[in-house]
Amino acid sequence: MTGLHHMLVHFPVGFWALATLMILVGAVSQGRLAEIARTALLPVLILSLIGALAAIVTGFLVWPWQANLYSPLARNHILMSLWSLGLWTLITVLVWRAGEATFQHIRRWGLVFLALLGGALFAITGTLGGHLAGAPTAFSRLLGALGWNVYTTFYMPTWMLAVMVLVGLGCAWLGLSAYRRPRLPARIKNRVTIS
Ligand code: HEM
């Protein structure tokens, strides 16, 4: 399965890199190219998810469980691959449900932020995979300079987890209240009916 994993990982990495580029082009530029980037984004995102699932399934078949759980590098690689999958699934659902609206007004910057975060996550996943396969890159030196030695288990302080849960609940509340708020045309319609 090692060879298969090495081959299949190119699909999520390639498609996620392309999707990041398409989101940047679609968000910051106008014209035909930006229009094509926005229209073709969803198929690219769906292909990347299929590729990621194939990479993850074959990844688990490379080494025995005991080896994966024993090695901090492998644990970090699994964690980052699952985080990448989670974040890119969220981006895919957003683009699927909201379509062109994800690129309108201030929402585009939210999408750009998520895409850059997703880009960093899959880059870290790939670089950790390179370490596991005996081909480290300079990118992990950058992570080291930022305070994370990739040979040690990634650690997130408990207070940070609490902040993330609070941010998540806040976002859910904002989303629900915006969803329940009547749309502008309905309010105008009501005013017209009253008068
Ligand atoms: C989005 C998901 C994933 C991506 C993008 C990814 C990426 C990579 C990359 C780029 C490599 C280096 C391949 C090479 O140098 O040719 C690699 C190796 C490896 N990956 Fe993953 N991976 C993913 C998920 C997983 C998962 C879930 C596991 C589960 C344990 C895993 C286990 C491994 C192992 C053990 C190696 C080293 C193989 C060897 O001995 O050469 N990967 N991965």
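In this text, all values refer to a predicted model and were calculated from it rather than measured experimentally. (Residues numbered from 1 in each chain as written. Predicted model: local features only at pLDDT ≥ 70, side-chain atom pairs only at ≥ 80, totals over all residues. Heavy atoms only, no water.)

**Quick notes on a nonpolar patch on the surface**
Judged by side-chain polarity, Val-28, Ile-106 and Trp-109 come together as a nonpolar surface patch covering roughly 370 Å² of accessible area. Relative to the assigned elements, Ile-106 resides in the loop between α5 (72–98) and α6 (107–132). (Patch = residues over 30% accessible without salt bridge, like charges linked within 9 Å, V, L, I, M, F, W, Y side chains within 5 Å. Areas by Shrake-Rupley, 256 points an atom, 1.4 Å probe, with all protein chains shown as cover. Salt bridge = Lys/Arg side-chain N within 4 Å of Asp/Glu carboxyl O. Helix = DSSP H or I, 4+ residues; strand = E, 2+ residues; numbered from the N terminus.)

**Some details on the coordination of the iron atom of the ligand**
Tetrahedral metal sites with four donors have an ideal angle of 109.5 degrees; octahedral sites with six donors have ideal angles of 90 or 180 degrees. Protein coordination of the iron atom of the ligand is provided by His-5 (NE2) and His-77 (NE2), with donor distances spanning 2.1 Å. The coordination sphere of the iron atom of the ligand comprises 6 donor atoms, whose angles at the metal cover 86 to 179°; the geometry is octahedral. Note that His-5 is positioned in helix α1 (residues 2–8) and His-77 in helix α5, a separation of 72 residues in sequence. (Donors = N, O, S within 2.8 Å, 3.2 Å for Na, K, Ca; no water. Tetrahedral: all angles 85-135°; square planar, octahedral: opposite > 155°, others 65-115°.)

**Looking at the layout of surface pockets**
Its volume calculated, the largest pocket comes out at about 1,100 Å³. Contributing to the lining of the largest pocket are 24 residues, with Leu-94, Arg-107, Leu-114, Cys-171 and Gly-175 lying nearest its centre. Of all elements in the fold, only α5, α6 and α8 (158–180) reach the threshold of two or more residues within the lining of the largest pocket. The biggest single contributor to the lining of the largest pocket is α8, with 9 residues. Looking at which domains feed residues into the lining of the largest pocket, each of domain 1 (2–154) and domain 2 (156–195) gives three or more. Every residue lining the second largest pocket is counted, 27 residues in all, and those nearest its centre are His-5, Val-9, His-77, Thr-125 and Gly-129. For the lining of the second largest pocket, the secondary-structure elements that each account for two or more residues are α1, α2 (10–28), α3 (32–60), α5 and α6. Ranked by the residues each element gives to the lining of the second largest pocket, the list is headed by α6, at 6 residues. (1 Å grid on protein atoms, 1.4 Å probe; cavity = no way out; pocket = protein on both sides within 12 Å on 5 of 7 lines; lining within 4 Å. Points joined across faces, edges and corners; volume = space filled by probe spheres on them. Domains from an automatic or database assignment.)

**Notes on the packing of aromatic side chains**
Using the criterion set out here, one finds 6 aromatic pairs in the structure. A centroid spacing of 6.1 Å and a plane angle of 35° characterise the contact between Trp-16 and Phe-122, whose relative ring orientation is tilted. Within this pair, whereas Trp-16 is found in helix α2, its partner Phe-122 is found in helix α6, the two being separated by 106 residues in sequence. Counting every residue linked through ring pairs, the aromatic cluster contains Trp-16, Trp-88 and Phe-122. Positioned over the ring face of Phe-103 is Arg-38, at 5.9 Å from the centre of the ring. The residue whose ring lies beneath Arg-97 is Trp-96, and the NZ or CZ to ring-centre distance is 5.9 Å. (Phe/Tyr/Trp six-rings, centres within 6.5 Å; stacked < 30°, edge-to-face > 60°. Lys NZ or Arg CZ within 6 Å of the ring centre and 35° of its normal.)

**Things to note about unusual backbone geometry**
Positive phi outside glycine occurs at His-105, with the angle close to 50°. Counting through the fold element by element, His-105 comes out in the loop between α5 and α6. With relative accessibility at 61%, the residue His-105 sits in the exposed group. (Buried < 20%, exposed > 50% of the residue type's maximum accessible area, 1.4 Å probe, protein only.)

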